[in-house]
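The residues making up each chain are set out below.
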Amino acid sequence: MIDSYKHIGLRMALVEHLRKKGIKDENVLAAIGAVPRHFFLDSAFEEHAYQDKAFAIGEGQTISQPYTVAFQTELLEVKPGDKILEIGTGSGYQAAILVYMGAKVFSIECKRKLLVRAKKTLALLNMKPTLLFGDGSIGLPSQAPFQGIVVTAAAPAVPPALIEQLDEGGRLVIPVGSLEQQRMLRIVKKNGKPVVETFDFFAFVPLTGKFGWKE
Ligand code: SAM
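Residues numbered from 1 in each chain as written. Predicted model: local features only at pLDDT ≥ 70, side-chain atom pairs only at ≥ 80, totals over all residues. Heavy atoms only, no water.

S.K.: Explain helix α1 (residues 5–20) to me, using residue names and the numbers behind them.
M.R.: Here α1 is 16 residues long and its end C-alpha atoms lie 23 Å apart, about the 22 Å a rise of 1.5 Å per residue gives. Regarding α1, the residues found buried are His7, Arg11, Leu14, Val15 and Leu18. The buried residues of α1 occupy an angular sector of 105 degrees when the element is viewed end-on, so they sit on one face. Exposed side chains of α1 directed beyond 90 degrees from the buried face belong to Tyr5, Lys6 and Lys20. The inward-facing, buried residues of α1 contact α2 (26–34) and α3 (66–76). (Helix = DSSP H or I, 4+ residues; strand = E, 2+ residues; numbered from the N terminus. Expected span 1.5 Å × (residues − 1). Buried < 20%, exposed > 50% of the residue type's maximum accessible area, 1.4 Å probe, protein only. Arc of directions from axis to C-beta. Contact = heavy atoms within 4.5 Å.)

S.K.: Account for α2, with residues named and values stated.
M.R.: For α2, the full list of buried residues reads Val28, Leu29, Ala31, Ile32 and Gly33. Along its buried surface, α2 packs onto α1, α3 and α4 (93–100). The backbone nitrogen of Asn27 has a side-chain oxygen 2.8 Å away, supplied by the residue at the start of α2, namely Asp25. (Polar contact = N/O pair within 3.5 Å; in protein donor to acceptor, adjacent residues only side chain to side chain.)

S.K.: Before we move on, could you go through unusual backbone geometry and cite the residues and values that matter?
M.R.: For the bond running from Ala144 to Pro145, omega is 5 degrees, close enough to zero to count as cis. Within the secondary structure, Pro145 sits in the loop between β5 (130–133) and β6 (146–151). In this structure, Glu59 is a non-glycine residue whose phi angle is positive, near 60 degrees. Locating Glu59 in the fold gives a position in the loop between β1 (55–58) and β2 (61–63).

S.K.: With reference to specific residues and values, describe the layout of surface pockets.
M.R.: Roughly 570 Å³ of volume is contained in the largest pocket. Lining the largest pocket we find 37 residues, and of these Gln61, Thr62, Thr152, Ala153 and Val205 sit closest to its centre. With three residues, β2 is the largest single contributor of residues to the lining of the largest pocket. Its residues assigned to classes, the lining of the largest pocket shows 16 nonpolar, 16 polar and five charged. (1 Å grid on protein atoms, 1.4 Å probe; cavity = no way out; pocket = protein on both sides within 12 Å on 5 of 7 lines; lining within 4 Å. Points joined across faces, edges and corners; volume = space filled by probe spheres on them. Nonpolar A, V, L, I, M, F, W, Y, C, P; charged D, E, K, R; others polar.)

S.K.: Can you explain the site of the ligand? Please cite residues and give values.
M.R.: For the ligand, the set of nearby residues contains 27 residues, the closest of which are Glu86, Ser91, Glu109, Gly136 and Thr208. Glu86 places a side-chain nitrogen or oxygen 2.8 Å from a nitrogen atom of the ligand. Between the ligand and Asp135, the relevant distance is 2.9 Å, taken from a nitrogen atom to a side-chain nitrogen or oxygen of the residue. Protein contact buries 99% of the 600 Å² of open area that the ligand shows by itself. Spatially, the ligand is embedded in the largest pocket. Those elements that provide at least two residues to the shell around the ligand are β2, α4 and β4 (104–109). Sorting elements by how many residues they give to the shell around the ligand places β2 first, with three residues. By residue class, the composition of the shell around the ligand is nine nonpolar, 14 polar and four charged. (Near = heavy atom within 4 Å. Areas by Shrake-Rupley, 256 points an atom, 1.4 Å probe, with all protein chains shown as cover. Sits in = over half its atoms within 2 Å of the grid points.)

S.K.: Could you give me a rundown of the sheet that holds β5, with the residues and numbers involved?
M.R.: In spatial order, the strands read β5-β4-β3-β6-β7-β8-β9; together these seven strands make up an open sheet with mixed pairing. Each of the sheet's edge strands pairs with one partner strand only, and the pair in question is β5 and β9 (193–202). Each strand of the sheet is rotated relative to its neighbour by a mean of 15 degrees, with strand direction disregarded. Relative to strand β8 (residues 182–190), strand β7 (residues 166–177) runs antiparallel, the two being bridged by seven bridges. Looking at the pairing, Pro175 lines up with Met184 of β8. Lying on the sheet, α3 is in contact with β3 (83–87), β6, β7, β8 and β9; it crosses β9 at an angle near 160 degrees. (Pairing = 2+ DSSP bridges. Axes fitted to C-alpha atoms, helices over the stretch in contact; angles between N-to-C directions.)

S.K.: Could you give an account of the nonpolar core, naming the residues involved and the relevant values?
M.R.: In terms of nonpolar packing, the biggest core is built from 45 residues, with Leu18, Ile23, Ile32, Phe40, Tyr93, Ile97 and Leu98 touching the most fellow members. Elements supplying a minimum of two residues to this core: α1, α2, β1, α3, α4 and α5 (112–124). Here the element with the most residues in this core is α3; it accounts for six residues. For Ile23, the residues in contact, after removing those within four places along its chain, are Leu18, Val28, Leu29, Tyr67, Ala70, Phe71 and Glu74. Residues Phe106, Ile149, Val176 and Ile187 belong to the second largest nonpolar core, which totals 19 residues. (Core = buried A, V, L, I, M, F, W, Y, C linked by side-chain atoms within 4.5 Å.)

Laid out in structure tokens, this is it:
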């Protein structure tokens with residue numbers, strides 16, 4: 001796969017678009033500007049890769065819209081060396097953004113085919129986050145605590161297991177609501193207690209598993 005000047009130019013335009021939409025964290029914008037999103041899409045969508053849109057990635061799932069990725073990553077307040085858990089690897093694009101920002105990334109996906117493809121794509125970029133197959137709604141207790149947890153699928157409620165696995169000062173970013181639309185929540189653990197902040201509406205594919213929607 002090639003990352004051409006044309007792709008780089010389209011990425012720069014996407015970064016400016018995200019800046020105008022209100023993304024301020026320069027580290028997030030730099031990551032969006034650096035990670036070739038077209039690597040994570042089916043070749044049929046390649047020329048649309050830098051539009052601010054979600055696209056199908058197979059198995060009924062999607063790669064999130066760049067604005068959504070930027071919004072969630074900004075709320076995570078990633079610092080180099082942070083241990084971050086992503087739930088819903090999908091294409092691997094969000095994981096790549098987190099790796100680029102210097103995080104130690106663990107990402108869980110429940111669709112094996114997607115996980116295998118994400119691993120291959122990330123390897124092309126020389127990125128080796130820990131990718132795991134399973135139910136991410138229960139988190140990853142063996143690697144807890146995390147400085148950040150990002151859920152990239154719609155949850156009916158905040159899974160208590162994820163709050164437990166947050167470090168003191170850690171951030172959980174999760175869309176919670178109905179199957180049609182969700183509010184983005186950030187839950188910060190302060191003095192051992194969860195403090196909830198509420199943000200805009202989004203529309204994600206459903207979180208499944210123990211703390212997700214029943215299939
Ligand atoms: N972050 C992804 C990316 O960058 O391409 C987009 C994720 S897509 C919107 C949501 C993903 O969550 C899907 O791939 C879906 O299979 C996965 N998923 C849903 N419920 C899950 C669960 N309980 N555990 C792990 N993955 C889950």
